[in-house]
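# Examination of the molecular architecture
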Amino acid sequence: MTFSPELEAKFARLLTSYPPGRQRSAMVPMLLYAQDEIGSITQELVEEVARRVGVTPMQVEEVLSYYSMLHRKPLGKYHVQICTNISCLLTGGEQLWQRACGKLGIGHKEATADGQISLEEVECIGACSWAPALQVNYDFHHKVTPEQLDQLLDSLRKTH
Amino acid sequence: MLYNPPSPLETKVLTRRFGLPNSAAVDTYLATDGYKAFKKALEMKPDAIIEEVKVSNLRGRGGAGFPAGMKWSFVPRNSPKPKYIVVNADESEPGTCKDRLLMENDPHQLIEGMLIAGLAVDAHAGYIYVRGEYRYLIEILDKAIAEAYDKGYLGKNLQGSNFSFDAYTHSGAGAYECGEESALLESLEGKRGIPRIRPPFPAVVGAFQCPTILNNVETYCAVPPILRDGGAAFAALGVPKAGGTKLTCLTGHVNKPGVYELPLGFPVDRMINEVGGGIRGGKKLKAFIPGGSSCPVLTAAECEGLTMDYDAMAKKKTMLGSGGVVIMDEDTCMVKVALRIMRFYAHESCGWCIPCREGTTWIRKILTRFHDGMGRKDDINLLGDLAKNMLGRTFCPLGDAAALPTISIVEKFREEFEAHLDGKPCPYEKELVTA
Ligand SMILES: Cc1cc2nc3c(=O)[nH]c(=O)nc-3n(C[C@H](O)[C@H](O)[C@H](O)COP(=O)(O)O)c2cc1C
Ligand code: FES
């Protein structure tokens, strides 16, 4: 498989970050960084990463199924992750979640038909003092009001 | 960046660079006493470094509050194996958002803490295990690491000494359990994050099966100030058995939620009313979680006269935990709170230990039934029994972390469970929807 030069540079660094013979440690970060580039964990990627870290594809599959951020199916271009855990629950996170589902007509881990936006109800994302919070891909949005959520979803829809 | 204004009641030790222009840059760090503590430590014997940390009464900031100096002294320094420094930056305990600020605003302080820990146990490499969602922090840390290599604070023969040290970031990929120290170490080896049986503890068999110091981000960040100003000065900021300050995340129903650095032993009522600006909407306090959702819940009455320190919390049969304070007002449905907390643990249980995997799922199902108004009287006791059967029966404390809050809520708010029996709708639901 071919990747961008930036990703190849990251891989090269990861493969030398661990003690000799411990390249397997690079597996999960490699899968995550590659997923960001190609959209999901494909069978081809599993085999490629297995080869590069020196394990069998089955060993990669065994590990990747454990981690909630690794996805076998593509997500939306914008993956909107809304926290409903305790601090967000107390400040309106659940209402945000329901509002987003209603507005987009999709549910947990689903994407809009055009593949533009996907939704996920997530556990605490480390923004509890600035709740309710959500992430769009890796970007944080703090103290989100229902109106801001509407605007955000509209802006994500428009940028085709 | 800072996401809330500071409070005049803070004691700024670990956060003293927050708000400076370019606070994350190495030049800012060097201009504000940065890496001085490391230079001092280069001249010290390892035992003297550990002694200084012991004198500071620094206790682990990740949740369990274990004395850091003592943990460091367990590492067999003369073992022929390499030793490692591992930073727990998985920050996933619900209610907790403080390590994020430390890494974002002052990453060099963390690197300096790792270096000093390295000197103390003769380790030459360190890994920062960062939760996958914190991608922007990995970028900030990688930049800081590159700067430190440039300035001779990472790499070979640091500052002309014969001490060498390399630092790396490692991204997680979504798993609360990977914050548990032994599961983190498995994950760092490229495996599923399931816990290891202990003993042996990580100090003896840790990263890559070698002796390892594993601490929370905030714990390492306290080390440079301790070495720079002396352990005694740090100890004096806190209470007798717990030195220094704690980054405290005020969350929930307060007027001024935010992360604040408060001396250990700070009174809970002043924290809520003066630092936090009181309960939102002039409401009354109903319940209080001192340090993340794994801690047993306290009632408003139990908070009277209480202070934020490890031993005071232990006396109330709860924990200071990670510093994630959750404040709940009088309109909060405690059945709903118990349910949401249990949904989290049932989702995050790694499935390795049956009492945890099955217990969290059964309790979640019963609480769901309750909250839907289909609770049965027998279920109230069943909840408590199920939770008690999880205690102490698992490899790692996730099972206890799920059981203890449930037991506390059922015991302390039993009448709220009774109000959900026999098809009665949740008496608080209206408030929650309009909140
Ligand atoms: C389920 C579980 C999750 C944990 N998550 C974290 C975490 O996200 N960050 C952390 O520092 N400690 C976490 N801990 C505590 C660690 O196991 C460990 O005690 C801590 O990192 C040690 O560092 P300290 O002594 O500096 O606190 C967790 C513990 C458990 C049982
Ligand atoms: S509870 Fe939502 S970010 Fe922590």
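Check the entry above for the structure.
In this report, we go over the structure that sits alongside the text. (Residues numbered from 1 in each chain as written. Chains lettered and ligands numbered in written order. Predicted model: local features only at pLDDT ≥ 70, side-chain atom pairs only at ≥ 80, totals over all residues. Heavy atoms only, no water.)

Let us look at the pattern of salt bridges. All told, the structure shown has 40 salt bridges over all chains when counted by the stated rule. Across the pair Arg13 of chain A and Asp142 of chain B runs a salt bridge whose closest N-O atoms are separated by 3.2 Å. Remark: Asp142 of chain B occurs in helix 7 (residues 135–150) and Arg13 of chain A occurs in helix 1 (residues 5–15); the pair is interchain, linking two chains. Measuring nitrogen to oxygen at the nearest pair gives 2.7 Å for the salt bridge that ties Lys246 of chain B to Glu218 of chain B. Here the residue Lys246 of chain B occupies a position in strand 5 (residues 245–252), and Glu218 of chain B occupies one in helix 9 (residues 217–229), the gap between them amounting to 28 residues. (Salt bridge = Lys/Arg side-chain N within 4 Å of Asp/Glu carboxyl O. Helix = DSSP H or I, 4+ residues; strand = E, 2+ residues; numbered from the N terminus.)

Let us now look at helix 16 (residues 377–390) of chain B. What sets the pattern is the α-helix's 3.6 residues per turn: residues three or four places apart point alike. Residue and element names in this part refer to chain B. Listed in full, the buried residues belonging to helix 16 are Asp379, Ile380, Leu383, Gly384, Ala387 and Met390. Relative to the axis of helix 16, the buried residues are bounded by an arc of 140° and lie together on one face. Exposed and oriented more than 90 degrees from the buried face of helix 16 are Lys377 and Asp378. Taken together, the buried residues of helix 16 touch helix 15 (354–374), helix 17 (398–412) and helix 18 (414–418). Directly beyond the C-terminal end of helix 16, a positive phi value near 70° is found at Gly392. (Buried < 20%, exposed > 50% of the residue type's maximum accessible area, 1.4 Å probe, protein only. Arc of directions from axis to C-beta. Contact = heavy atoms within 4.5 Å.)

Bringing the packing of helix 2 (residues 27–38) of chain A against helix 4 (residues 57–64) of chain A into the picture now. All names here are of chain A. Where helix 2 meets helix 4, the axes come as close as 11 Å, and the angle between the chain directions of the two elements is 80°. Classified by the interaxial angle, the pair formed by helix 2 and helix 4 is roughly perpendicular. Residues Met27, Val28 and Leu31 of helix 2 touch helix 4, and the partners they reach there are Gln59, Val60, Val63 and Leu64. Of the residues assigned to the contact of helix 2 with helix 4, the class counts are 6 nonpolar, 1 polar and no charged. (Axes fitted to C-alpha atoms, helices over the stretch in contact; angles between N-to-C directions. Parallel < 35°, antiparallel > 145°, perpendicular 65-115°, else oblique. Nonpolar A, V, L, I, M, F, W, Y, C, P; charged D, E, K, R; others polar.)

Turning our eyes to something else, we now look at the interface of chain A and chain B. The interface is formed by 46 residues belonging to chain A together with 64 residues belonging to chain B. Ranking the residues of chain A by area buried against chain B places Tyr66, Leu90 and Trp130 of chain A at the top, with a combined share of 17%. Where chain A meets chain B, there are 6 salt bridges. Inspection of the chain A/chain B interface yields 29 residue pairs in polar contact (both at pLDDT 80 or more). Counting only elements with at least two residues in the side of chain A that touches chain B, the list comes to helix 2, helix 4, helix 5 (86–89), helix 6 (93–104) and strand 3 (117–122) of chain A. Among the elements that make up the side of chain A that touches chain B, the one with the highest residue count is helix 2 of chain A (6 residues). (Buried area = accessible area lost by both parts, 1.4 Å probe. Polar contact = N/O pair within 3.5 Å; in protein donor to acceptor, adjacent residues only side chain to side chain.)

Here we come to the state of the cysteines. Across all of its chains, the model carries 0 disulfides over all chains by this definition. Considering cysteine sulfurs only, Cys83 of chain A is the nearest to Cys101 of chain A, which forms no disulfide, with 14 Å between them. No disulfide involves Cys210 of chain B; its nearest neighbouring cysteine sulfur is the one of Cys178 of chain B, lying 20 Å away. (Disulfide = S-S within 2.5 Å.)

A word on the site of ligand 1. Residues and elements named next belong to chain B. Residues in contact with ligand 1 amount to 20 residues; listed here are only the nearest, Gly62, Asn88, Asn215, Asn216 and Thr219. Here an oxygen atom of ligand 1 sits 2.9 Å away from a polar atom, N or O, in the side chain of Asn88. The backbone of Glu181 places a nitrogen or oxygen atom 2.9 Å from an oxygen atom of ligand 1. Protein chains bury 91% of the 610 Å² of accessible surface belonging to ligand 1 in isolation. (Near = heavy atom within 4 Å. Areas by Shrake-Rupley, 256 points an atom, 1.4 Å probe, with all protein chains shown as cover.)

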